[in-house]
Amino acid sequence: MNRISNHISSIKNKGLVEFIRKIRLLNIMIFEITWFVIFLPISIFLLLIIRLASPFLVIRLERLISWRIGHYAGNTDMYLCEKKSGINFSSSRTFDIWFDRTKPCNLQLRLMLRRVINIYPRWLVQPVHILNNWLPGGSKHIIPETACNDRDILNLTNNLCSSSNFKLTTEEEIRGRSELEKLGVKNQSKFVCLIVRDSAYLKEQKKKNFTGVDWTYHDFRDSEIKTYELAAEELASNGYYVIRMGTKVNTEIKSNNPMIIDYAVNAMRSDFLDIYLGAKCEFCITTSTGYDAIPRLFRRPVVQVNIPSVEHFYSFLPNSLAIFRKVKDTNTGQYLSLKSIIDSGVGRYDSSDIHKENCIELIENSPEEIKDVVTEMMLRVNGKWHDNWYDSQARSSVESIYSKSKLNGKILSRFGTAFLKDNLYLLEYNND
């Protein structure tokens, strides 16, 4: 009886939660409609000015993906790189205006974005943006989506944008060094950022900004922090501090080593330090999640591990390394080669359900595989790694295999040497 009673109570609670969710969504919708109506006269006037000015100055509007740090940083960086390269900019004069769609996910990042792009208040720009999209002729006044989104498939960061579009001020440099010492990193010591994706952050975003949105389709990208402890200890034994990043995490990293710092849970996390650490790390170990856009913003090397979708690896990053999850066909029990993964489209699958529907199982990298690729990066950044004949042949094979991928330009990054040697089937040209 107690079990039945508890089950009924659970159903009632879920019903109440769903009811509250719908009320919240209705309130948000009513608020946004009211807001738009109130500002409609001003919006019409501003849009009229924008349209009339277009023969002399093309004013363009667009929103920033301000709720996700990866897109907030990465998309903006690509926009600036395209601007330097003359992509998505006409010969006529343009003036681009941006607005934050939601409360910014990182205030220090927003401060730095405002130094290089025009960010105006949402309450003023969004109604004009909506009205412009509704009326004919509005496309001219929309900032085009970057050709690369947050992926540099045109290899712009290897050419005109090889140096960062963003700079820390002298005051920020001083503050950053001071906060590093408070964090436990001794002056002038090398440190590495470690970011391991789990579901905690998006669950928090769901509560704050996206009530009712189901983010579980991203779960196939999650990884267990414990599988990174071996690599962290190896780095610490070689004199590197390892700083585990994250705003919200499900599990703490288990280590008594004072050089391994779980910054995500030690109450010292701040928006400023998030950016400073990413800008100053020797390299960043990542599972391909939003935060790694910050080291990329400052052109720091990246080690990608546990990549679930191999066509989405950061091929455009020079001086970076990657290893990916092995892909198993559960019908045959076979592991797929790189070519099979790309040719079949498995390398672009972007949800847990699609993998299940197509009988695909992703096998996470082992702690040893992660340690090996991290060790290789450590040797590379110190100038102690020398590519041999095998490395060159493997690189050539990877470039050939990826030549058909539309998500990648020139392959500048490398796959981990030990990972490829231990899994030679990956470079086969068929999987028979």
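Preceding this paragraph is the structure being described.
The notes below deal with the structure included here. A quick note: this is a predicted structure, and the numbers were derived from the prediction, not measured.

### Observations regarding the overall build of the protein
- Within the protein, the regular secondary structure consists of 15 helices and 11 strands.
- Residues counted as buried form 49% of the 432 residues belonging to the protein.
- Accessible surface computed for the protein: about 21500 Å², of which carbon and sulfur atoms make up 55%.

### Remarks on the pairing of strand β4 (residues 241-244)
- Residues Y241 and I243 point to one face of β4 and V242 and R244 to the other, with burial holding for every one of them.
- For strand β3 (residues 191-195) and β4, the ladder comprises 4 bridges, and the chain directions are parallel. Bridging across to β4, F191 finds its partner in Y241.
- Of the strand pairs in this sheet, β4 and strand β5 (residues 260-261) are connected by 2 bridges, and their pairing is parallel. Note on β5: the bridge partner recorded for I243 is I261.

### Considering unusual backbone geometry
- Here Q188, not a glycine, exhibits a phi torsion of approximately 70°, which is positive.
- Counting through the fold element by element, Q188 comes out in the loop between α6 (170-183) and β3.
- Despite not being glycine, N319 shows a phi value in the positive range, around 65°.
- Along the chain, the position of N319 falls in the loop between β7 (302-307) and β8 (321-324).
- Taking the relative accessible area as the measure of exposure, N319 reaches 63% and is therefore exposed.

### Re the packing of aromatic side chains
- The tally for this structure, following the rule as stated, stands at 11 aromatic pairs.
- Both rings, one in F324 and one in F419, keep their centres 5.2 Å apart while their planes meet at 80°; by these two values the pair is edge-to-face. Note that F324 is positioned in strand β8 and F419 in helix α15 (residues 417-422), a separation of 95 residues in sequence.
- Joined through ring pairs, the aromatic side chains of F313, F324, Y402, F415 and F419 make up one cluster.
- Positioned above the aromatic ring of F89, the side-chain terminus of R60 is 4.8 Å from the ring centre.
- The ring of F272 has R175 sitting right over it, with the charged end atom 4.0 Å from the ring centre.

Cut-offs applied
Residues numbered from 1 in each chain as written. Predicted model: local features only at pLDDT ≥ 70, side-chain atom pairs only at ≥ 80, totals over all residues. Heavy atoms only, no water. Helix = DSSP H or I, 4+ residues; strand = E, 2+ residues; numbered from the N terminus. Buried < 20%, exposed > 50% of the residue type's maximum accessible area, 1.4 Å probe, protein only. Areas by Shrake-Rupley, 256 points an atom, 1.4 Å probe, with all protein chains shown as cover. Pairing = 2+ DSSP bridges. Phe/Tyr/Trp six-rings, centres within 6.5 Å; stacked < 30°, edge-to-face > 60°. Lys NZ or Arg CZ within 6 Å of the ring centre and 35° of its normal.

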